[in-house]
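# Inside the fold
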Amino acid sequence: MSFAPRPRFSVPCGATVLELGARTAILGIVNVTPDSFSDGGRFVDPEAAVAHGLALLGEGAHALDVGGESTRPGAAPVAAEEEERRVLPVIRALARQTRAPISVDTTKARVAAAALDAGAVIVNDVSAGLDDPEMLPTVARGAAALVLKHRQGTSATMQVAPRYDDVVGEVRDHLAGRLRAALAAGIAAARLLVDPGIGFGKTLEHNLEILRRLEAFHALGRPLLVGPSRKNFLGRILDLPPDQRVEGTAAAVALAIAAGAHVVRVHDVRAIARVARVADAIVADAGGDSAG
Ligand code: HH2
């Protein structure tokens, strides 16, 4: 069996550099929301969210992704003030207590700017800058890394009737366009990551096809982040609720690593960090060249 070579990348984020490729980076999810699909309401209290983030770092997370607005279809939109009220105290406290990079999961430029001031060094925008025209210029002004993620349609409509003629080709072309937009806004290529957006305007078959052909996204020349954690496509296969999808997540993560994923965004960090270490050991000699 052969594995996809995983190119190496050094991604500047804030004052640090994320070294990607030699091992899989685990991005632990901290949802400060009442309504996230799998853990909504568990960490709305800032102290609980901070404790959860620190626990995830202890379990093997290399970075944390703090979000204050659920992206699940049908989730109530959250005003910028409310999103800031949720995420800023958590980011501020985490940044004081750890040197691990903190990411903010937001589509709003204003929230991203405030999060960067509070100590975040990565912006994870599920709309890749399309929801807020100020997002790319805002990120360009700072030193943060930026995750550009594919989504078909809007959060509200994306799961209504997703359709593609060639899901991998169309997602890749979309991400190539968003990379060009980010570069045109003045964000250095080295600061950009791409994510095909598992579950964002995709049917079960679309998600499986993306995971099956993940290697195709290496053509974009940037590190690849994948977020299959506990998602609905796993529930469709297993007929199990979100809190019983850890083994399904593990299968998706192991195969994503074999296909060259650099970062996995997950809820169940202890289990998935172990899965990733073993998968990394197996694919270790697949031959990663330095790509910048
Ligand atoms: N998935 C979710 C949220 N943010 N960001 C990236 N880059 N990639 C993803 O696949 C991704 C993401 C959805 O998961 P979760 O945060 O658990 O749920 P919710 O949006 O309901 O809070």
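In case you missed it, the structure is sitting above this.
Let me begin by describing the structure that accompanies this report.

## Comments concerning the overall build of the protein chain
A count of helical and extended segments in the protein chain gives 9 helices and 10 strands. Compactness check: the protein chain gives a C-alpha radius of gyration of 17 Å against a globular reference of 19 Å for 292 residues, within 12% of the reference. For the protein chain, with 292 residues in total, the buried portion stands at 55%. Within the protein chain, residue pairs in contact and separated by at least 24 positions form 69% of the contacts whose partners lie at least 6 positions apart. Accessible surface computed for the protein chain: about 12,100 Å², of which carbon and sulfur atoms make up 53%. When the 32 basic and 33 acidic side-chain charges of the protein chain are each reduced to a single mean position, those positions are 2 Å apart.

## What about the site of the ligand?
Lining the immediate environment of the ligand, one finds 18 residues, of which Ser36, Ser70, Thr71, Asp195 and Lys231 sit closest. Here Asp105 contributes a side-chain N or O atom positioned 2.9 Å from a nitrogen atom of the ligand. Contact with the protein chains covers 98% of the free accessible surface of the ligand, which is 480 Å². The pocket occupied by the ligand, as judged from atoms lying within 2 Å of grid points, is the largest pocket. In terms of residue class, the shell around the ligand is made up of 5 nonpolar, 7 polar and 6 charged.

Rules of the game
Residues numbered from 1 in each chain as written. Predicted model: local features only at pLDDT ≥ 70, side-chain atom pairs only at ≥ 80, totals over all residues. Heavy atoms only, no water. Helix = DSSP H or I, 4+ residues; strand = E, 2+ residues; numbered from the N terminus. Rg over C-alpha atoms; globule rule 2.2 N^0.38 Å. Buried < 20%, exposed > 50% of the residue type's maximum accessible area, 1.4 Å probe, protein only. Contact = heavy atoms within 4.5 Å. Areas by Shrake-Rupley, 256 points an atom, 1.4 Å probe, with all protein chains shown as cover. Lys, Arg positive; Asp, Glu negative; His and termini not counted. Charge placed at Lys NZ, Arg CZ, Asp CG, Glu CD. Near = heavy atom within 4 Å. Polar contact = N/O pair within 3.5 Å; in protein donor to acceptor, adjacent residues only side chain to side chain. 1 Å grid on protein atoms, 1.4 Å probe; cavity = no way out; pocket = protein on both sides within 12 Å on 5 of 7 lines; lining within 4 Å. Sits in = over half its atoms within 2 Å of the grid points. Nonpolar A, V, L, I, M, F, W, Y, C, P; charged D, E, K, R; others polar.

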